[in-house]
Amino acid sequence: MSPRPTLHSYIDEELLRAPMTLDIVVDEVLGQWRLRMPPRSRHDGDPVRVLQHHRAELVGAALGHLRSTAQAELAHPPGQPAPLVSAPGRTLRGNDLSLIDEDDVAIDIEIARCTEAVRLKAETDLRTLQTYTSALVDDLNVSRDTNPFRPDRFVRALWAGVQVLPLSRPVMAALLHEAAPLLAAGLQRTYQAAWMRLAEQGVEPAAHRTIVAAGASMGGWGGTSARYRPPTGLDSLRGSLPSASSSTWSSALPALPALPALPALPRLPMPVVAADLAARPTPAGPPHWQDAGQVTLRDAVAPGLPTATDLQLIDLLNRLFNTIQQHVDLAPDTTALLQRLQPTALRLALRDPSVLDSYEHPLWRFMDHLVHDIQTSSAGQRPRLLGLGRNLVNHLANNDISEQQGFGWALQRLQAARRHALAQTTAAAAPAITKLQRRVRADAPATTSTMPLDIASLDTVPAALMTEPAAARPASSVLAADGLRAGTLIRAYLQGEWRTLLALWQDDGHELALLQEPAADRLWALRQAALARLLAEGLAQPLRVRSLVRRAADRMLRGL
């Protein structure tokens with residue numbers, strides 16, 4: 001009996017077959033180019049001859065990139081996706097002031113198109129193969145994407161091979177454009193043969209599940225499909241829940257989990273206000289907690305309210321917070337902050353029912369901005385933001401203050417911290433900004449602004465040649481009339497990956513922009529024409545603050 005296949009043996013076998021897939025793609029592109037040459041400059045020579053002469057180097061570089069990503073898959077601990085091995089790029093590092101221009105963006109667009117073409121063509125076989133590769137690593141629930149040769153990695157490998165060709169970037173982009181449908185057809189056959197081969201070797205597939213890949217929230221490349229949006233308030237959701245009474249309290253409202261240990265907070269038996277725990281004894285009668293020494297939830301979050309408190313409202317708020325903590329991808333420290341904030345939110349909702357009128361209530365806006373700022377902060381700023389969040393939550397929990405004085409004030413503190421962090425980041429990037437300013441001055445055309453102006457000569461200028469007024473030009477939500485504003489967060493597809501970028505600076509003529517990638521603490525220099533191209537193609541979008549309670553209500557409504 002042959003030994004059971006492993007992920008290592010699967011990778012070795014696929015690496016032996018990959019050159020055939022790449023050779024077929026190159027042959028097909030050569031055949032198309034012989035019939036119709038791609039647009040090229042005089043410096044490119046004959047693209048057909050160049051591709052024919054360097055095809056072995058292209059296949060070798062692509063195969064090397066595939067091998068390195070597959071080895072990273074084997075070396076990475078199970079349960080987490082392997083780190084990406086990106087192709088060489090033109091990022092801004094230290095003294096390097098290479099810019100991302102329109103030619104670079106054209107490459108990114110073709111990479112995105114090629115990846116999407118493969119996914120659409122091989123969707124069924126790709127999903128089936130994923131169940132077999134998950135079985136190879138004992139991921140029987142298919143909780144992650146375990147295919148080492150998924151479409152985005154194969155396309156990046158092809159791009160790594162294309163870059164060895166002595167061709168201009170527009171011709172490289174044309175090669176990727178021609179290769180997209182060919183690679184999609186070839187990988188569909190490859191994926192189908194791979195899962196059939198594993199089935200013949202006795203591998204039992206894991207359970208089918210839907211995998212949401214990174215960046216899928218963007219709707220795929222260039223996706224703008226409309227999404228279901230829950231109602232403007234929570235009243236309809238509240239009315240859809242079963243009525244909660246004292247006799248059914250224990251079954252309708254599960255006990256809230258204990259708070260995780262925080263540096264500045266004591267560990268409590270349940271997420272309630274510490275002052276209430278110390279001051280109030282355990283009352284008799286439902287609703288109650290089974291453990292002795294604990295107070296009722298109603299009395300803890302809103303001491304002094306009558307017994308006829310709306311238990312359905314408490315049930316709704318509890319379910320909303322539980323849904324946020326269970327189904328939104330939050331770090332443990334962020335989840336702990338929301339757990340600490342939960343009893344304060346319940347107390348406010350019982351005293352002020354307008355909390356449920358709109359998702360724009362200061363309570364929800366404070367939660368949304370707190371989580372958004374933590375998730376989009378850099379590694380150096382994150383501890384400071386967490387500390388600020390703990391202090392604000394503690395202040396709100398330990399003080400009986402009104403909505404305007406409480407959550408509105410806390411939201412202002414977050415906004416002030418955001419401005420301070422932006423100023424610090426911009427100051428740290430001052431050397432790069434200075435070098436970009438020099439480049440702008442060096443590239444600026446000669447001007448006649450200081451010369452005498454002959455008014456009569458203006459009459460001979462045709463109206464069609466006059467510059468279009470700024471008000472007449474359409475302005476996107478990101479590139480407004482005054483350019484890219486500092487502090488704007490965008491999510492853009494650059495060098496084969498979705499990245500979150502923070503705008504730091506732009507020149508006076510709105511030609512160049514400097515952005516920071518907080519997750520990698522990296523600077524990027526982009527020409528705004530390149531960013532405008534990404535926006536037009538749907539590969540860049542503004543990153544707005546998302547409503548946590550809206551998402552939770554959406555999930556709850558779908559589950560009813």
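Note that the structure is predicted; figures quoted are calculated from it, not measured.

The rules behind the values
Residues numbered from 1 in each chain as written. Predicted model: local features only at pLDDT ≥ 70, side-chain atom pairs only at ≥ 80, totals over all residues. Heavy atoms only, no water. Helix = DSSP H or I, 4+ residues; strand = E, 2+ residues; numbered from the N terminus. Buried < 20%, exposed > 50% of the residue type's maximum accessible area, 1.4 Å probe, protein only. Contact = heavy atoms within 4.5 Å. Areas by Shrake-Rupley, 256 points an atom, 1.4 Å probe, with all protein chains shown as cover. Core = buried A, V, L, I, M, F, W, Y, C linked by side-chain atoms within 4.5 Å. Phe/Tyr/Trp six-rings, centres within 6.5 Å; stacked < 30°, edge-to-face > 60°. Pairing = 2+ DSSP bridges. Axes fitted to C-alpha atoms, helices over the stretch in contact; angles between N-to-C directions. Arc of directions from axis to C-beta. Expected span 1.5 Å × (residues − 1). Parallel < 35°, antiparallel > 145°, perpendicular 65-115°, else oblique. Left-handed = near helix turned anticlockwise from the far one by under 90°.

## Quick word on the overall build of the chain
If you tally the helices and strands in the chain, you get 19 helices and 7 strands. Residues classed as buried in the chain amount to 48% of the 560 residues present. In the chain, the proportion of contacts linking residues at least 24 apart, taken out of those at least 6 apart, comes to 74%. When the accessible surface of the chain is split by element, carbon and sulfur atoms take 53% of a total near 27900 Å².

## Section: the nonpolar core
Counting 75 residues, the largest nonpolar core has Tyr10, Leu51 and Leu183 as the members making the most contacts within it. It is helix 7 (residues 169–200) that provides the largest number of residues to this core, a total of 14 residues. Setting aside anything within four residues of it in sequence, one finds Leu183 in contact with Thr21, Val25, Cys114, Val118, Phe154, Val155 and Leu158. In this structure, Phe321, Leu385, Val549 and Met556 belong to the second largest nonpolar core, which totals 41 residues.

## Here's the deal with the packing of aromatic side chains
In total, this model carries 5 aromatic pairs according to the counting rule given. Look at Tyr132 and Trp195: their rings are 6.2 Å apart centre to centre, the planes differ by 25 degrees, and that puts the pair in the stacked class. With Tyr132 in helix 5 (residues 123–136) and Trp195 in helix 7, the pair connects residues that are 63 residues apart, well separated along the chain. With a relative accessible area of 8%, Tyr132 lands in the buried category.

## Considering the sheet that holds strand 4 (residues 497–506)
Strand order in the open sheet made by the 5 strands is 6-5-4-3-7, with antiparallel pairing throughout. Single-partner strands in this sheet number two, and they are strand 6 (522–527) and strand 7 (540–542). When strand polarity is set aside, the average angle formed by the axes of neighbouring strands in this sheet is 35 degrees. Where strand 3 (residues 489–494) and strand 7 come together, 3 bridges link them in antiparallel fashion. Bridge assignment links Ile490 to a residue of strand 7, and that residue is Pro542. Packed onto the sheet, helix 18 (residues 528–536) meets strand 3, strand 4, strand 5 (512–517), strand 6 and strand 7 and runs at close to 90 degrees relative to strand 6.

## Observations concerning helix 18
Taken residue by residue, helix 18 has Gln528, Ala530, Leu531 and Leu534 as its buried positions. The arc that holds every buried residue of helix 18, seen down its axis, measures 155 degrees, which confines them to one face. Just downstream of helix 18 lies Gly538, where phi reads positive at about 80 degrees.

## Re helix 5
Taking 1.5 Å as the rise per residue, helix 5 with 14 residues should run 20 Å; its terminal C-alpha atoms sit 20 Å apart, in good agreement. Residues of helix 5 that are buried include every one of Asp125, Leu126, Thr128, Leu129, Gln130, Thr131, Tyr132, Thr133, Ser134, Ala135 and Leu136, and no others.

## Considering the pairing of strand 6
As paired elements, strand 5 and strand 6 share 6 bridges and run antiparallel to each other. Within strand 6, the position partnered with Glu517 by the bridge is Arg522. Taken together, strand 5 and the strand that follows it, strand 6, pair antiparallel across an intervening segment of 4 residues, in which Asp521 is found at a positive phi of about 50 degrees.

## Focus: the environment of Leu176
Mapped onto the fold, Leu176 is located in helix 7. Assessed through its relative accessible area of 0%, Leu176 is described here as buried. Counting along the chain gives 18 residues from Leu176 to Leu158, while the straight-line C-alpha distance between them is 8.3 Å. With near-sequence residues (within four places) excluded, Leu176 lies in contact with Ile107, Glu110, Ile111, Leu158 and Trp159.

## Here we look at the pairing of strand 5
Among the 6 residues that make up strand 5, 6 are buried, leaving the element largely enclosed by the rest of the structure. Of the two faces of strand 5, the one carrying Leu512, Leu514 and Gln516 and the one carrying Ala513, Leu515 and Glu517 are both buried. Sheet analysis places strand 4 next to strand 5, joined by 4 bridges and oriented antiparallel. In the sheet register, Gln506 faces strand 5, and the bridge partner there is Ala513. With antiparallel pairing between neighbouring strands as the criterion, strand 4 and strand 5 make up a hairpin whose turn holds 5 residues, including His510 at a positive phi of roughly 60 degrees.

## Looking at the packing of helix 6 (residues 151–162) against helix 7
With their axes 10 Å apart at the nearest point, helix 6 and helix 7 run at an angle of 140 degrees to one another. As the angle between them shows, helix 6 and helix 7 are arranged oblique. In terms of crossing hand, the pair formed by helix 6 and helix 7 is right-handed. In this structure, helix 6 uses Pro151, Phe154, Val155, Leu158, Trp159 and Val162 to contact helix 7, whose residues at the interface are Arg169, Met172, Leu175, Leu176, Ala179, Leu183, Leu187 and Tyr191.

## So, unusual backbone geometry
In the Ramachandran plot, His510 falls in the positive-phi region, its phi being about 60 degrees despite a non-glycine side chain. Within the element layout of this structure, His510 appears in the loop between strand 4 and strand 5. One non-glycine residue with positive phi stands out, namely Asp521, at about 50 degrees. Following the sequence through the fold, Asp521 ends up in the loop between strand 5 and strand 6. With a relative accessible area of 59%, Asp521 lands in the exposed category.

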